[in-house]
Number of protein chains: 2
Amino acid sequence: MTKTSPPARPAPDERHLRPAGRATRAAIEEAARRLFAERGFDASVRAIAGEAGVDPALVIRHFGSKEALFLRCVDTSSGLGAVLDGPLETVGRRLVAYFLDPDRPLLRQRYLALAQAAHLDGVREEMNRHTAETYVAALAPRMTGPDRELRVALAVAQVSGLLSLVYRQEDPVLTAADTTRLVELYGDAIQQLLTPAGL
Amino acid sequence: MTKTSPPARPAPDERHLRPAGRATRAAIEEAARRLFAERGFDASVRAIAGEAGVDPALVIRHFGSKEALFLRCVDTSSGLGAVLDGPLETVGRRLVAYFLDPDRPLLRQRYLALAQAAHLDGVREEMNRHTAETYVAALAPRMTGPDRELRVALAVAQVSGLLSLVYRQEDPVLTAADTTRLVELYGDAIQQLLTPAGL
DNA sequence: TCAACCAGTCAACGGCGTTGACCGTTACGC
DNA sequence: GCGTAACGGTCAACGCCGTTGACTGGTTGA
């Protein structure tokens, strides 16, 4: 006869928690956000637990797994909406300028953390969701011509590649280049996919 | 008084090896190549050692570290030279077609392994070297106009982004898209950076 | 009052990369 | 011919990791 689900702890269920549980849960999440931002996915569950003053097992108890905790802590939301909602004819250059703005160091952190954890299925799904809900939803409806979704996806690929070389690989040519020139060149290459010359 | 270099095993030194050492070293390397190709950097030293019929410690003894072994096993050489040496005016589309060719599954494997291990300094350096020695060296001398190196580096960023979305992220839009159309659109976007309309 | 359940700790498991101590064997100088 | 040094290799262990199960108190509600 099949085992009738042994008395393993059931799902944490998020809703009916006592105040104490809610508090430490928040403390763990805060510590995780900071450490994941600092060290990326390399931040260990044990370090997060220590930072929150809690036993490592409790971290898993509350969030299920390190991956689930990571997914909850990483937020892809950003000031990107304003960039994408601006004039469609210049969104290419604005996108590049946005991501290369040295006053936005958190973007670099977030990208590195996500890229480092891209081997997790959940992270990949989140990235695809982000592409669809942020980029495609904002740009495709205002575009003309065929293959609108495909062209947006390819523009996202361009952005992704730029971030990969600049942030991760730290390509010496791109790092040493004049940012203004880079924005012009790469921004126009992106623009060509979104609003090509022949419309 | 400072310890005069304790009798720790010195460098493996590669050259003066006895036949037995040379043989097992080759066996380890072969096993590593296969497992790294199969499972990427997740392939464990212990698994590689088991595949080679050897103690895990010996793997480290021979190659110094898992990272060093990985770097020795990953080869970025490929049929790319022929693509890059062809007509400069159509290299964009040929590049995309080359990487999307379904008859070249090893490209995918190599890219995934490299991307997964990109957090290692040695891997990043190897990638930058590859960009400079393969792409820049082949394309920049034949190009015209300003910022030739920068434009090649940006084209590499485009290729990198495409591989990232197609291979790693498995973006549903790109995966479902017609390859021919994709080659046209993205190839032309790359081409614009290498040989822009206004020369 | 008492049973159910939440919050939390503790020790442990299996896996990882890596290291140091320890042998047999091979090569070489005297 | 023989001692000795270096090579080739194994073994057990270290310290780390994510995760789990058993267990202890405290809180809550019937």
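Residues numbered from 1 in each chain as written. Chains lettered and ligands numbered in written order. Predicted model: local features only at pLDDT ≥ 70, side-chain atom pairs only at ≥ 80, totals over all residues. Heavy atoms only, no water.

1. Some words on the side chain of Ser164 of chain A
This is how it is decided: What counts as a helix is a DSSP run of H or I of at least four residues, what counts as a strand is a run of E of at least two, and both are numbered from the N terminus. Whether two residues are in contact is decided by their heavy atoms: any pair within 4.5 Å suffices.
Of note, Ser164 of chain A is situated in helix α9 (residues 148–168). Those residues in contact with Ser164 of chain A that lie beyond four places of it in its chain are Tyr111 and Gln169 of chain A together with Ser160 of chain B.

2. Here we look at the packing of aromatic side chains
The criterion, for reference: The aromatic pairing rule takes the rings of Phe, Tyr and Trp, using the six-membered ring of Trp, and pairs them if the centres are within 6.5 Å, calling planes under 30 degrees apart stacked, those over 60 edge-to-face and the rest tilted. Between buried and exposed lies partly exposed: a residue is buried under 20% and exposed over 50% of the maximum accessible area for its type, with that area taken using a 1.4 Å probe on protein chains only. To sit over a ring, a charge needs its Lys NZ or Arg CZ within 6 Å of the ring centre and within 35 degrees of the ring normal.
Applying the stated criterion across every chain yields a total of ten aromatic pairs over all chains. The interplanar angle of 5° and the centroid separation of 6.3 Å between the aromatic rings of Phe36 of chain B and Phe41 of chain B together place this pair among those described as stacked. Judged on exposure class, the residue Phe36 of chain B and its partner Phe41 of chain B are both buried. An aromatic cluster is defined as three or more aromatic residues linked by ring pairs; in this entry it consists of Phe36, Phe41 and Phe70 of chain A. The positively charged end of Arg25 of chain A is found above the aromatic ring belonging to Phe63 of chain A, 5.1 Å away from the centroid.

3. Some points on the relation of the copies chain A and chain B
For these two chain copies, the linking operation is a rotation about an axis paired with a shift along it. Quick note on the threshold: Copies are brought into register by a least-squares superposition over C-alpha atoms of residues with pLDDT of at least 70 in both.
Placing chain A over chain B gives an RMSD of 0.0 Å and needs a rotation angle of 180°, together with 0.0 Å of translation along the axis. Taken together, the rotation angle and the small translation identify this as a two-fold axis. Distance from the rotation axis, computed per C-alpha, reaches its smallest value in chain A at Gly161 of chain A: 1.7 Å. Both copies contact each other with a shared surface, as 100% of the interface residues of chain A are interface residues in chain B too.

4. Details of the domain arrangement of chain A
All names here are of chain A. Keep this limit in mind: Throughout, the edges of the domains are those of an automatic or database domain assignment. By buried area we mean the combined loss of accessible area, with a 1.4 Å probe, across both parts when two parts are placed together. What makes a salt bridge here is a side-chain nitrogen of Lys or Arg within 4 Å of a carboxyl oxygen of Asp or Glu, nothing more. Definition of a polar contact: a pair of N or O atoms within 3.5 Å, with one able to donate and the other able to accept a hydrogen when the atoms are protein atoms, and with sequence-neighbouring residues admitted only if both atoms are side-chain atoms. Polar here means any residue outside two lists: the nonpolar Ala, Val, Leu, Ile, Met, Phe, Trp, Tyr, Cys and Pro, and the charged Asp, Glu, Lys and Arg; Gly therefore counts as polar.
Domain boundaries in chain A define domain 1 (14–73) and domain 2 (80–194). Computed over C-alpha atoms only, the centres of domain 1 and domain 2 are separated by 30 Å. The largest share of the area that domain 1 buries against domain 2 comes from Phe41, Glu67 and Phe70, three residues that together contribute 55% of it. Taken together, the connections running from domain 1 to domain 2 amount to zero salt bridges. If you look at where domain 1 meets domain 2, you find three residue pairs in polar contact (both at pLDDT 80 or more). Its residues assigned to classes, the side of domain 1 that touches domain 2 shows five nonpolar, one polar and three charged.

5. A look at the side chain of Asp171 of chain B
For clarity, the threshold we go by: The charged-residue count follows a simple rule in which Lys and Arg add positive charge and Asp and Glu add negative charge, with His and chain termini not counted at all.
Relative to the helices and strands, Asp171 of chain B is located in the loop between α9 (148–168) and α10 (172–176). One buried charge, Asp171 of chain B, has no salt-bridge partner; the nearest side chain with opposite charge is Arg124 of chain A, at 11 Å. There is a polar contact of 3.0 Å between the side chain of Asp171 of chain B and the backbone nitrogen of Leu174 of chain B. The residues contacting Asp171 of chain B, other than those within four sequence positions of it, are Asn128, Thr131 and Ala153 of chain A together with Leu165 of chain B.

6. Points about the packing of helix α1 (residues 19–39) of chain B against helix α4 (residues 66–73) of chain B
Residues and elements named next belong to chain B. Cut-off, in case you're wondering: Here, axes are lines fitted to C-alpha atoms. For helices the fit covers the stretch in contact, and angles between N-to-C directions go from 0 to 180 degrees. These descriptions rest on fixed angle ranges, namely under 35 degrees for roughly parallel, over 145 for roughly antiparallel, 65 to 115 for roughly perpendicular, and the rest for oblique.
At a minimum axis separation of 10 Å, α1 and α4 run at an interaxial angle of 80°. By the angle between their axes, α1 is roughly perpendicular relative to α4. Contacts between α1 and α4 pair Arg25, Glu29, Ala32, Arg33 and Phe36 from the former with Lys66, Leu69, Phe70, Arg72 and Cys73 from the latter. For the contact of α1 with α4, the per-class residue count stands at five nonpolar, no polar and five charged.

7. With respect to the interface of chain A and chain B
On the side of chain B, 37 residues touch chain A, which itself brings 37 residues to the contact. Summed over the three residues of chain A that lose the most area to chain B, namely Leu150, Arg168 and Gln169 of chain A, the buried surface amounts to 17% of that side. Between Asp147 of chain B and Arg181 of chain A there is a salt bridge, with its nearest N and O atoms 2.4 Å apart. At the junction of chain A and chain B, the tally comes to ten residue pairs in polar contact (both at pLDDT 80 or more). Looking at the side of chain A that touches chain B, the elements that each hand over two or more residues are α8 (121–139), α9, α10 (172–176) and α11 (179–194) of chain A.

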